[in-house]
Amino acid sequence: MKPLISKEPENVPELTTAQIDWLTDIVFYYDGKPEPCDAVFVFGGTHPGHWEKTIEAYRSGLSSLFIVTGGVSPTGKKHAGWKERTTPESHVIRRKILEAGVPEECILYEDSSKNSMENVLYALEVFDFTKVKSLLVVTKEHVAGRQIRTLQKHLPETVRFVPYGFSAVYSGGGITRDNWHLTHEGRSRVWGEYLRICKYGDAGHLRGIPVEERML
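Residues numbered from 1 in each chain as written. Predicted model: local features only at pLDDT ≥ 70, side-chain atom pairs only at ≥ 80, totals over all residues. Heavy atoms only, no water.

**Details of the sheet that holds strand β2 (residues 66-68)**
Move 1: Read across the sheet, 5 strands follow the order β3-β2-β1-β4-β5 without closing on themselves; strand pairing throughout is parallel. Strands with a single pairing partner mark the edges of an open sheet, and in this sheet they are β3 (107-109) and β5 (160-166). Geometrically, the sheet is characterised by an average inter-axis angle of 25 degrees between neighbouring strands, direction not taken into account.
Move 2: Pairing of strand β1 (residues 39-42) with strand β4 (residues 134-140), which is carried by 4 bridges, proceeds in the parallel orientation. Paired with Val 40 across the two strands is Leu 136, which belongs to β4.
Move 3: Against the sheet, helix α2 (residues 49-59) makes contact with β1, β2, β4 and β5, and its axis sits at roughly 120 degrees relative to β5, the strand it touches most.
Move 4: Relative to β3, helix α3 (residues 89-99) is tilted by about 170 degrees, and along the sheet it contacts β1, β2 and β3. (Pairing = 2+ DSSP bridges. Helix = DSSP H or I, 4+ residues; strand = E, 2+ residues; numbered from the N terminus. Axes fitted to C-alpha atoms, helices over the stretch in contact; angles between N-to-C directions. Contact = heavy atoms within 4.5 Å.)

Below, the structure written as structure tokens:
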């Protein structure tokens, strides 16, 4: 099954420096240093960064409570190193962080979600987010904006979100907020994320961008 919007749209407009800066802030969220938070929210996925950044957060003392999400996505392309084709993503992430020393009692998880919105909605069934004021969010760097906007839509307004992203590597180098506009793949991936933010915002799945503020 293909996603509603291609991960790499073919038609990417020419962008001015100002538009590049604006898209960077929208798609990558904000560029801040990680800080201790009440809990870590781990979005589902098959990239090793999902558990590597979670382990890093634990070893750095950024939190001692972890909410891991992810079932089996029908649309996501599996990472080349992912061997668990039919195993829920959260099961693998949980196993990896347990092996790294994160105590079992510090991990909550859901294993039924198939996309980012369901990651959030099903997490609400296993954890009361009114108990926390801040969440460290483990996500791909160039997906942080869309996924944090999803959290903002469905979680209490009192919760503050701190991105804790990792650079996803596809056919070339990693896509970061500093280099995405330098390659066709980076521009395409980021433009696709922007289109998803607009579409899913209009559908009420995440905190959208007002029409009058959009590029196109």
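Structure shown, so let's carry the discussion forward.
**Here we look at the pattern of salt bridges**
Move 1: Tallied over the full model, the rule gives 9 salt bridges.
Move 2: Between Glu 56 and Lys 53 there is a salt bridge, with its nearest N and O atoms 3.0 Å apart. Linking Glu 56 with Lys 53, this pair stays in helix α2, spanning 3 residues, or about one helical turn.
Move 3: Judged by relative accessible area, which is 35%, Glu 56 ranks as partly exposed. (Salt bridge = Lys/Arg side-chain N within 4 Å of Asp/Glu carboxyl O. Buried < 20%, exposed > 50% of the residue type's maximum accessible area, 1.4 Å probe, protein only.)

**A look at the packing of aromatic side chains**
Move 1: A full pass over the atoms with the stated rule returns 7 aromatic pairs.
Move 2: Seen from their ring centres, Phe 127 and Phe 129 are 4.9 Å apart, and the 85 degrees between their planes marks the pair as edge-to-face. With respect to class, Phe 127 is no different from Phe 129; both count as buried.
Move 3: Geometrically, the ring pair formed by Trp 191 and Tyr 194 is tilted, given 5.1 Å between the ring centres and 40 degrees between the ring planes. With a gap of 3 residues between them, Trp 191 and Tyr 194 both fall in helix α6 (residues 184-202), about one helical turn apart. A single burial state applies to Trp 191 and to Tyr 194, both of which are buried.
Move 4: Linked through ring pairs, Phe 41, Phe 43, Phe 127 and Phe 129 together constitute an aromatic cluster.
Move 5: Its guanidinium or amino end placed over the ring of Tyr 164, Lys 53 lies 4.0 Å from that ring's centre, counting from NZ or CZ. (Phe/Tyr/Trp six-rings, centres within 6.5 Å; stacked < 30°, edge-to-face > 60°. Lys NZ or Arg CZ within 6 Å of the ring centre and 35° of its normal.)

**What about helix α1 (residues 17-28)?**
Move 1: The terminal C-alpha atoms of α1, which comprises 12 residues, lie 16 Å apart, in line with the 16 Å expected from a rise of 1.5 Å per residue.
Move 2: Among the residues of α1, Ile 20, Leu 23, Thr 24, Ile 26, Val 27 and Phe 28 are the ones counted as buried.
Move 3: Phi turns positive, to about 70 degrees, at Tyr 29, one or two residues after α1. (Expected span 1.5 Å × (residues − 1).)

**Quick notes on the nonpolar core**
Nonpolar side chains in soluble globular proteins generally cluster together in the buried interior.
Move 1: Counting residues in each nonpolar core, the largest one holds 21 residues, and the members touching the most others are Val 40, Trp 51, Ile 97 and Leu 136.
Move 2: Put simply, the parts of the chain that give this core at least two residues each are β1, α2, β2, α3, β4 and β5.
Move 3: Apart from the residues lying within four places of it in its own chain, the contact partners of Leu 136 are Glu 35, Cys 37, Ala 39, Val 40, Phe 41, Ala 57, Leu 62, Val 162 and Tyr 164.
Move 4: Core analysis: the next-biggest nonpolar cluster, separate from the first, contains 18 residues, Tyr 29, Phe 127, Ala 144 and Phe 161 among them. (Core = buried A, V, L, I, M, F, W, Y, C linked by side-chain atoms within 4.5 Å.)

**Focus: α3**
Move 1: Those residues of α3 that sit buried are Glu 89, Ser 90, Val 92, Ile 93, Arg 94 and Ile 97.
Move 2: Where the residues of α3 are buried, they touch β1, α2, β2 and β3.
Move 3: Note on α3: the residue one or two positions beyond its end, Gly 101, has a positive phi of about 110 degrees.

**Quick look at the packing of helix α5 (residues 144-154) against α6**
Move 1: One can describe the packing of α5 onto α6 by two numbers: an axis separation of 9 Å at closest approach and a directional angle of 20 degrees. Judged by the inter-axis angle, α5 sits roughly parallel to α6. Here α5 and α6 pass one another in a crossing that is left-handed. Of the residues in α6, those in contact with Gly 145, Arg 146 and Arg 149 of α5 are Glu 193, Arg 196, Ile 197 and Tyr 200. (Parallel < 35°, antiparallel > 145°, perpendicular 65-115°, else oblique. Left-handed = near helix turned anticlockwise from the far one by under 90°.)

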